[in-house]
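What follows is the residue order along each chain.
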Amino acid sequence: MSLNYTAVGWNKQKKQYVKILWLGILAFLIVFAALQFLLHPNISVETLIIRWSAITAFILLHIILVIGPLCRLNDRYLPLLYNRRHLGVSMFLIAAIHGVFGTIQFHALGDVNPIVSIFTSNQNYLEISNFPFQILGFCALIIFFLMAISSHDFWLKNLSPKFWKAMHMLVYVAYGLIILHVATGALQYETHLIYWIILIAGFLLVASLHIVSGIKERGNLRKTYQLQEEGFYEVCSLSDLEENCGKSVFINAENIAIFKYNGKVSAVNNICKHQMGPIGEGKIIDDCITCPWHGYQYMPENGQSPPPFKEELSTYNVRLLKDKIWVNPSPLPEGTLVKAAKIDI
Amino acid sequence: MKKEKPFYVGWQEEMPKEHKSTVKKFIILIFIALPILAFSIIYAQRGFNNHQFELGKSTELTGIYHSSPVPVLEVLKTEMKPDLSNYVMLVGYGKLGAEGIMEDIEALKGDLDGKRVTLKGTMIYGDGKAVLELTKKTNSLITIHKDVIYPIVANKILSSNFDNVVGEIVDPKCYFGVMKPGEGKIHKSCATRCISGGIPPVFKTRNFQNENEYFILLGEKGEKINRQILDKIAEKVSISGRTEFLNGWNYLYINPETIKLIEE
Ligand code: HEM
Ligand code: FES
């Protein structure tokens, strides 16, 4: 939706989200520091900060990465997704503490610039156990930085959702870099088996959730529809749709969302203009199709966001034959008014 | 009609109870997992030595300044803690050696070698060894005492066949207290910086009694080899050379090209 570069709105849920997040971060700091001083009283404060921030950021990164597939599998996790950018920005801030402390501790006050030192103090690029692991962390931190500063909808708008989405897919690259950063760095010194178990278990959790949710998604895409006359396809029965709810269908490479509301059926493109959320899993609120991810809204008959917003989705022709819904998958130009198919009662 | 499926978008004030309970369970699970995770990670850590760095605390030491082979201040035994050597190695602020600072001081005050001086700095110590960081750089010199010149104790040759001894090259500033851990892979880049910045490289190995032994590394003719060994730091290496004991420290004279990396 058309946004100026203004502060994000704060409702009760968002306040609670951020409160619980930082409460958790703080509680983890206290538990972590207490256990360190109890079990390893000789630890230095710098090492404590470096390790706490590293592990906290790494845990937050895992939470961020599992929320997406969890929501695809069960829409009750969606409240976690709505404010996920706060998780992302907090993760970046904590990772930055780690990166800055690490850079100061290991590279500052020497005979070369600290950033240069990150890249030159170890050049064993060909050995795994001696690999210059800090470079990997540095690159990941740059990615997190770009994602954090561009997390506001202002940038989403100005960079185009496709570009923005592509950039935010870099989080997977960063995740891979961090796994290697840990495997070729800390785990070459701290060699207890439990670290490898934790690292691999975390990776498997993230990977398996993505695979399972991907398979579920693929199942929807795989469904084939029988061609009928005049370019219309039979997609489902009226009774397959709940009132005010949608359904996603994939025909001829078109991703379409069909909605039933007020005795009518309409179809719009299934990809939200915000961050490509699945419109078909949304719901009609105040006569508008509402995206399940962040609540962008569109009018069902013309795919337009209610004024003053300017987003527009493609629309599709819909017909009803008895209780069967038929859709023509050729998209009409974005924002084209299409009379909804009326349900005869 | 069937009850509508609960739907919630973050900008709505009230969350349906179905969503609330799912989210709550997720959060509770995380809050249970976190302390368990923290405990396993911390419990399995290798742990840290008890070396000390008295950050923020300034100490004045008086003794004979020996400029070579590396800067050392020979302090009265009675002035040091009983378990610490009274030959205190001098290092610079940050990741730099003390030589630059001492040369700057000498340029202003004249030659200090063999003279009794009082220096101020930050103490670093562990495993019987003491190091003083000249935190205030050229302002670290407090007094030059005007008294007799003392003779230097003759070198003691330790052994002429120091042959393929296995150990690790560390930087003494971090290893003896500034960093935890101050050795190994995690610390490699820092040790590289310190040694590149002029802090004398120290070869750490184990003797027959399974105690640590430390040798300051120099070239075969006593020259600095900091630059030549940068790629051998914080690795398991084997070293051969000639050893000597001088000013409270063991020295090891080597040809840097003969340092062998040991694959693990
Ligand atoms: C400039 C960037 C970075 C530098 C210089 C850096 C440096 C280091 C160093 C020196 C260690 C070993 C510390 C120790 O165990 O005592 C480490 C470990 C670690 N780093 Fe980084 N890092 C950087 C970025 C990152 C980022 C962005 C993350 C993302 C979460 C990260 C996650 C970790 C983790 C999980 C560990 C293992 C836990 C630990 O040993 O502290 N690092 N890093
Ligand atoms: S993807 Fe954000 S509202 Fe649709």
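Residues numbered from 1 in each chain as written. Chains lettered and ligands numbered in written order. Predicted model: local features only at pLDDT ≥ 70, side-chain atom pairs only at ≥ 80, totals over all residues. Heavy atoms only, no water.

Student: Where do I start with the pattern of salt bridges in this structure?
Tutor: Two side chains bearing opposite charge may form a pair once their charged atoms approach each other closely. Residue and element names in this part refer to chain A. Scanning all chains against the criterion turns up 15 salt bridges over all chains. Of the charged contacts in the structure, one is a salt bridge between Glu281 and Arg72, with a shortest N-O distance of 3.2 Å. Here Glu281, found in the loop between β4 (264–269) and β5 (283–285), pairs with Arg72, found in helix α2 (residues 45–73); they are 209 residues apart in sequence, far enough to count as distant. As a salt-bridge pair, Lys273 and Glu334 come within 2.7 Å of each other at their nearest N and O atoms. Of this pair, Lys273 sits in the loop between β4 and β5 while Glu334 sits in the loop between β10 (324–327) and β11 (341–342), and the two are 61 residues apart along the sequence. One connected set of salt bridges, linked through shared partners, spans Arg72, Glu217 and Glu281. (Salt bridge = Lys/Arg side-chain N within 4 Å of Asp/Glu carboxyl O. Helix = DSSP H or I, 4+ residues; strand = E, 2+ residues; numbered from the N terminus.)

Student: Hey, could you run me through the coordination of the iron atom of ligand 1 in this one?
Tutor: Around a metal, the ideal angle is 109.5 degrees if four donors adopt a tetrahedral arrangement and 90 or 180 degrees if six donors adopt an octahedral arrangement. Residue and element names in this part refer to chain A. At this site the iron atom of ligand 1 is bound by His98 (NE2) and His181 (NE2), with donor distances of 1.9 to 2.0 Å. Given six donor atoms and angles of 87 to 179° at the metal, the environment of the iron atom of ligand 1 is assigned as octahedral. In this pair, His98 sits in helix α4 (residues 84–107) while His181 sits in helix α8 (residues 161–184), placing the two residues 83 residues apart along the sequence. Residue classification places His98 among the partly exposed residues on the basis of a relative accessible area of 22%. (Donors = N, O, S within 2.8 Å, 3.2 Å for Na, K, Ca; no water. Tetrahedral: all angles 85-135°; square planar, octahedral: opposite > 155°, others 65-115°. Buried < 20%, exposed > 50% of the residue type's maximum accessible area, 1.4 Å probe, protein only.)

Student: Looking at this model, I keep getting lost on the site of ligand 1. Mind explaining?
Tutor: The immediate surroundings of ligand 1 are formed by 20 residues, with A:Arg51, A:His98, A:Ile178, A:His181 and B:Ile186 found nearest. One finds residues of chains A and B in close proximity to ligand 1. In this structure, a nitrogen atom belonging to ligand 1 sits 2.7 Å away from a side-chain N or O atom of A:His98. Separating a nitrogen atom of ligand 1 from a side-chain N or O atom of A:His181 is a distance of 2.7 Å. Of the residues that constitute the shell around ligand 1, the class distribution is 13 nonpolar, six polar and one charged. (Near = heavy atom within 4 Å. Polar contact = N/O pair within 3.5 Å; in protein donor to acceptor, adjacent residues only side chain to side chain. Nonpolar A, V, L, I, M, F, W, Y, C, P; charged D, E, K, R; others polar.)

Student: Would you mind going over the domain arrangement of chain A with me for this structure?
Tutor: How big an interface is tends to be reported as the loss of accessible area on association of its parts. Residues and elements named next belong to chain A. Domains assigned within chain A are domain 1 (12–220) and domain 2 (227–342). Listed as interface residues are twelve residues of domain 1 and, on the opposing side, twelve residues of domain 2. With both chains or domains summed, domain 1 and domain 2 bury close to 1200 Å², and 54% of this area falls on carbon and sulfur atoms. On the domain 1 side of the interface with domain 2, the three residues burying the most area are Arg72, Tyr82 and Lys165, jointly 36% of the side's total. Between domain 1 and domain 2 we count one salt bridge in total. The element contributing the most residues to the side of domain 1 that touches domain 2 is α8, with four residues. Its residues assigned to classes, the side of domain 1 that touches domain 2 comprises six nonpolar, one polar and five charged. (Domains from an automatic or database assignment. Contact = heavy atoms within 4.5 Å. Buried area = accessible area lost by both parts, 1.4 Å probe.)

Student: Is there a simple way to think about the interface of chain B and chain A in this case?
Tutor: Listed per partner, the contact involves 61 residues of chain B and 73 residues of chain A. At the boundary of chain B with chain A, total buried surface from both sides reaches about 6100 Å², with 63% on carbon and sulfur atoms. A per-residue breakdown of the area chain B buries against chain A is headed by B:Lys185, B:Ile186 and B:Arg193, which together make up 13% of the total. Linking B:Arg227 and A:Asp111 is a salt bridge whose minimum nitrogen-to-oxygen distance equals 3.1 Å. Taken together, the links from chain B to chain A amount to 23 residue pairs in polar contact (both at pLDDT 80 or more). Of all elements in the fold, only α1 (17–43) and α4 (184–196) of chain B reach the threshold of two or more residues within the side of chain B that touches chain A. Per-element accounting of the side of chain B that touches chain A gives the leading share, 17 residues, to α1(B). Residues of the side of chain B that touches chain A, tallied by class, amount to 29 nonpolar, 16 polar and 16 charged.

Student: Explain the nonpolar core here, please?
Tutor: Generally speaking, a soluble globular protein has its nonpolar side chains buried in company with each other. Counting 77 residues, the largest nonpolar core has A:Leu61, A:Phe144 and A:Ile279 as its most contacted members. The element that contributes the greatest number of residues to this core is α2(A), accounting for 15 residues. Each of domain 1 (12–220) and domain 2 (227–342) of chain A accounts for three or more of the residues forming this core. In this structure A:Phe144 touches A:Leu61, A:Met91, A:Phe92, A:Val171, A:Ala174 and A:Ile178, once residues within four positions along its chain are discounted. One finds B:Tyr175, B:Val178, B:Ile199 and B:Tyr251 within the second-largest nonpolar core, a separate group that totals 28 residues. (Core = buried A, V, L, I, M, F, W, Y, C linked by side-chain atoms within 4.5 Å.)

Student: So what exactly am I meant to see when it comes to the packing of α2(A) against helix α10 (residues 193–222) of chain A here?
Tutor: When two helices pack together, their arrangement is captured by the angle between the axes and the distance separating the axes. Residues and elements named next belong to chain A. As a packed pair, α2 and α10 sit with axes 8 Å apart at the nearest point and diverge in direction by 20°. Comparing the axis directions of α2 and α10 gives the class roughly parallel. Note that α2 runs across α10; the crossing there is left-handed. Residue-level contacts link Phe58, His62, Leu65, Val66, Pro69, Leu70, Arg72 and Leu73 of α2 to Leu199, Gly202, Phe203, Leu205, Val206, Leu209, His210, Val212, Ser213, Lys216 and Glu217 of α10. (Axes fitted to C-alpha atoms, helices over the stretch in contact; angles between N-to-C directions. Parallel < 35°, antiparallel > 145°, perpendicular 65-115°, else oblique. Left-handed = near helix turned anticlockwise from the far one by under 90°.)

Student: Got a minute to help me understand the packing of aromatic side chains in this structure?
Tutor: Two numbers describe a pair of aromatic rings. These are the distance of the centres and the angle of the planes. Residues and elements named next belong to chain B. According to the stated counting rule, one finds 14 aromatic pairs over all chains in the structure shown. Seen from their ring centres, Phe39 and Tyr43 are 5.4 Å apart, and the 20° between their planes marks the pair as stacked. Of this pair, Phe39 and Tyr43 both sit in helix α1, separated by four residues, roughly a single helical turn. Owing to a relative accessible area of 39%, Phe39 belongs among the partly exposed residues under this scheme. Counting every residue linked through ring pairs, the aromatic cluster contains Tyr175, Phe176, Tyr214 and Trp249. Here the guanidinium or amino end of Arg242 rests over the ring plane of Tyr253, the centre of that ring lying 4.5 Å away. (Phe/Tyr/Trp six-rings, centres within 6.5 Å; stacked < 30°, edge-to-face > 60°. Lys NZ or Arg CZ within 6 Å of the ring centre and 35° of its normal.)

Student: Sorry if this is basic, but what is going on with the packing of α2(A) against α4(A) here?
Tutor: Residue and element names in this part refer to chain A. Viewed as axis vectors pointing N to C, α2 and α4 meet at an angle of 150°, and their least axial separation amounts to 8 Å. Overall, the two elements α2 and α4 adopt an arrangement that is roughly antiparallel. Of the two elements, α2 crosses α4, and the hand of that crossing is left-handed. A per-class count over the contact of α2 with α4 returns 17 nonpolar, nine polar and two charged.

Student: Just to check I follow, could you spell out a nonpolar patch on the surface for this structure?
Tutor: All names here are of chain A. Together, Leu193, Trp196, Ile197, Ile200, Phe203 and Leu204 give the surface a local cluster of nonpolar side chains, amounting to about 580 Å² of exposed area. Relative to the elements of secondary structure, Ile200 occurs in helix α10. On the basis of relative accessible area, Ile200 is assigned to the partly exposed category, the value being 45%. (Patch = residues over 30% accessible without salt bridge, like charges linked within 9 Å, V, L, I, M, F, W, Y side chains within 5 Å. Areas by Shrake-Rupley, 256 points an atom, 1.4 Å probe, with all protein chains shown as cover.)

Student: Explanation requested: the pairing of strand β9 (residues 318–321) of chain A in the structure shown.
Tutor: Strand residues, when the strand is regular, have side chains that alternate between the two faces of the sheet. Of the two faces of β9(A), the one holding A:Val318 and A:Leu320 is buried and the one holding A:Arg319 and A:Leu321 is not buried anywhere. Taken together, β9(A) and the strand that follows it, β10(A), pair antiparallel across an intervening segment of two residues, in which A:Lys322 is found at a positive phi of about 55°. (Pairing = 2+ DSSP bridges.)

Student: Even after reading the chapter, I still don't get the sheet that holds strand β1 (residues 233–237) of chain A, so can you show me in this structure?
Tutor: Within a sheet, each strand pairs with its neighbour through backbone hydrogen bonds, oriented either parallel or antiparallel. Residue and element names in this part refer to chain A. On the basis of which strands lie adjacent, the open sheet formed by three strands has the order β1-β10-β9 and antiparallel pairing. A strand with exactly one partner marks an edge of an open sheet, and here the two such strands are β1 and β9. Neighbour-to-neighbour, the strand axes of this sheet turn through a mean angle of 30°, independent of strand direction. Relative to β10, β1 is paired through four bridges, and the arrangement is antiparallel.

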